[in-house]
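Fold and geometry: a report
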Amino acid sequence: MSITSNAYADDDQLMQQVHEFLYGETQALGEEVVIELRPPSPHLPECIQPEPFLANANQAPLGRVSVGVRCGENGRQVRYLQAQIDVIGNYVVAARDIDRGTLITSAMLSERGGNLGDLSAQALTAEEDIVGKIAQRPIRSGSAFLAHYLQAPHLVERGQRVTVIAQGSAFRVSREGEALENGALGEQVRVRFGSREIITARVAERGILVMDF
């Protein structure tokens, strides 16, 4: 019986650590957070020095979430727990119908309260992630904004004459070239100098690209 008791104690400790990790990842998303964790299989060995991590770090931990846990020395053993995360908070919706090709402004948005876990994993909930983007499809009034509905405006157009700034700690040099593709803020774009030299630089502002050294 002592072995079974210790196993339950180990599972409880693991669950508590994962719960605290998830709470830390989600508490800033809304006013109220509800986390339901599915306990690990009782047939798994004890998890020594557990280090929880999100299996999909590119998405907000909402709805059904897979949580990884590294166990043992150097985290060589990895197991996964399933969680349901509901966050009650505010998110942004379209205040009116928005046509394709429209540049989104704050006047086109309104706020709605609800369970963020019911939204699509691709939903954008913050105004700063939406304003300044261009609608790639019609968006109905009251709809949430999904990432693939929007695109950052091009600051560089294919065929445009652009300035490329190469800069480092002790130098700054600029050259003019021709953009070979469209690019939004922060995107990498190929630029041609003369007939043969082609480099890749980051879009910094309209008509300006940067290479950092």
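The structure contained in this document is the topic of the report that follows. (Residues numbered from 1 in each chain as written. Predicted model: local features only at pLDDT ≥ 70, side-chain atom pairs only at ≥ 80, totals over all residues. Heavy atoms only, no water.)

1. A closer look at the overall build of the protein chain
This is how the line gets drawn: Only DSSP runs of H or I with at least four residues qualify as helices, and only runs of E with at least two residues qualify as strands; both kinds are numbered from the N terminus onward. With the radius of gyration taken over C-alpha atoms, the globule rule is written as 2.2 Å times the number of residues to the power 0.38. Burial classification: accessible surface area is computed with a 1.4 Å probe over protein chains only, and a residue below 20% of its type maximum counts as buried, one above 50% as exposed, and the rest as partly exposed. Residues are treated as being in contact if the distance between any of their heavy atoms lies within 4.5 Å. Think of it this way: Lys and Arg go in the positive column, Asp and Glu in the negative one, and His and the chain ends go nowhere. By convention, the charge on Lys lies at NZ, on Arg at CZ, on Asp at CG and on Glu at CD.
Across its full length, the protein chain holds one helix and 16 strands. Whereas a compact globule of 213 residues would reach a radius of gyration of roughly 17 Å, the protein chain reaches 24 Å, over 25% beyond that. Considering only C-alpha atoms, the protein chain reaches an extent of 80 × 45 × 25 Å along its principal axes. Per-residue burial for the protein chain yields a buried fraction of 34% across its 213 residues. The long-range fraction of contacts in the protein chain, counting pairs at least 24 apart against all pairs at least 6 apart in sequence, stands at 49%. Charged side chains in the protein chain number 20 positive and 27 negative. The centres of these two groups are separated by 13 Å.

2. Some thoughts on the nonpolar core
Condition: For this analysis, a nonpolar core means a set of buried residues of the types Ala, Val, Leu, Ile, Met, Phe, Trp, Tyr and Cys, connected via side-chain atoms within 4.5 Å.
By size, the foremost hydrophobic cluster in this structure holds 37 residues, and its most contacted members are L22, I104 and F145. Among the secondary structure elements, those contributing two or more residues to this core are α1 (2-26), β1 (32-37), β3 (63-71), β4 (77-94), β6 (123-124) and β8 (145-146). Among the elements that take part in this core, β4 stands out by supplying eight residues, more than any other. Apart from the residues lying within four places of it in its own chain, the contact partners of L22 are I35, L37, L54, V67, A83 and I85. Core analysis: the second largest hydrophobic core is formed by twelve residues, I199, A201, V203 and L209 among them.

3. Focus: the layout of surface pockets
Where we set the bar: A 1.4 Å probe that fits into a set of points on a 1 Å grid over the protein atoms alone but cannot get out defines a cavity; an open set with protein on both sides within 12 Å along at least five of seven lines defines a pocket, and lining residues are those with an atom within 4 Å of a point. Grid points are joined across faces, edges and corners, and a volume is the space filled by probe spheres set on the points. All residues other than Ala, Val, Leu, Ile, Met, Phe, Trp, Tyr, Cys, Pro, Asp, Glu, Lys and Arg, Gly among them, are scored as polar; the first ten of these are nonpolar and the last four charged.
Empty space within the largest pocket amounts to approximately 480 Å³. For the lining of the largest pocket, the elements supplying multiple residues, two or more each, are β3 and β6. Sort the elements by how many residues they give to the lining of the largest pocket and β3 lands first, with four residues. For the lining of the largest pocket, the class distribution of residues is 15 nonpolar, nine polar and two charged.

4. Observations concerning the side chain of R79
Applied cut-off: Here a polar contact is recorded for every N or O atom pair within 3.5 Å, except that within protein the pair must consist of a potential hydrogen donor and a potential acceptor, and residues adjacent in sequence are included only if both atoms are side-chain atoms.
Structurally, the position occupied by R79 is in strand β4. A distance of 2.6 Å separates a polar atom in the side chain of R79 from the backbone oxygen of P45. R79 has contacts with L14, L44, P45, E46, C47, V67, G68, V69 and C71, leaving out every residue within four places of it along the chain.

5. A few points about the packing of aromatic side chains
What counts here: Note on aromatic contacts: the rings of Phe and Tyr and the six-membered ring of Trp form a pair at centre separations within 6.5 Å, being stacked when their planes are under 30 degrees apart, edge-to-face when over 60 apart, and tilted otherwise.
With the rule as written, the count across this model stands at two aromatic pairs. Note on F53 and Y80: the rings are 6.2 Å apart at their centroids and 75° apart in plane angle, and the pair reads as edge-to-face. With F53 in strand β2 (residues 51-54) and Y80 in strand β4, this residue pair connects regions lying 27 residues apart in the sequence. A residue is classified by how much of its surface remains accessible, and F53, at 17% relative accessible area, is buried.

6. Side note on the pairing of strand β12 (residues 172-179)
The test is simple: A pair of strands is treated as paired once DSSP finds two or more bridges between them.
Bridging between strand β11 (residues 161-167) and β12 involves seven bridges; their strand directions are antiparallel. Residue pairing for β12: I165 is matched across the bridge by S174. Sheet topology places β12 next to strand β14 (residues 188-193); two bridges connect them, and they run antiparallel. Within β14, the residue paired with A179 across the bridge is V191.

7. Points about the pattern of salt bridges
Where charged atoms from two side chains of opposite charge approach closely, those side chains can pair. Defined as follows: Only one rule defines a salt bridge in this text: a Lys or Arg side-chain nitrogen within 4 Å of an Asp or Glu carboxyl oxygen.
The tally for this structure, following the rule as stated, stands at four salt bridges. One salt bridge in this structure joins E181 and R190, with 3.4 Å as the shortest N-O distance. A relative accessible area of 26% means that E181 is categorised as partly exposed. In this structure R190 comes out as partly exposed when scored by relative accessible area, which is 38%.

8. Looking at a negative patch on the surface
Test applied: Note that patches include only residues with greater than 30% relative accessible area and no salt bridge, and the join distances are 9 Å for like charges and 5 Å for nonpolar side chains (Val, Leu, Ile, Met, Phe, Trp, Tyr). Reported accessibility uses the Shrake-Rupley method at a 1.4 Å probe radius. Residues are deemed covered only where the shown protein chains occlude them.
A cluster of acidic side chains, namely E111, E127, E128 and D129, defines a negative patch on the protein surface. Tracing the backbone shows E128 in the loop between β6 and β7 (134-135).

9. Some details on unusual backbone geometry
One non-glycine residue, Q49, adopts positive backbone phi at about 50°. Within the fold, Q49 resides in the loop between β1 and β2. Among the residues examined, Q49 registers a relative accessible area of 53% and is labelled exposed.

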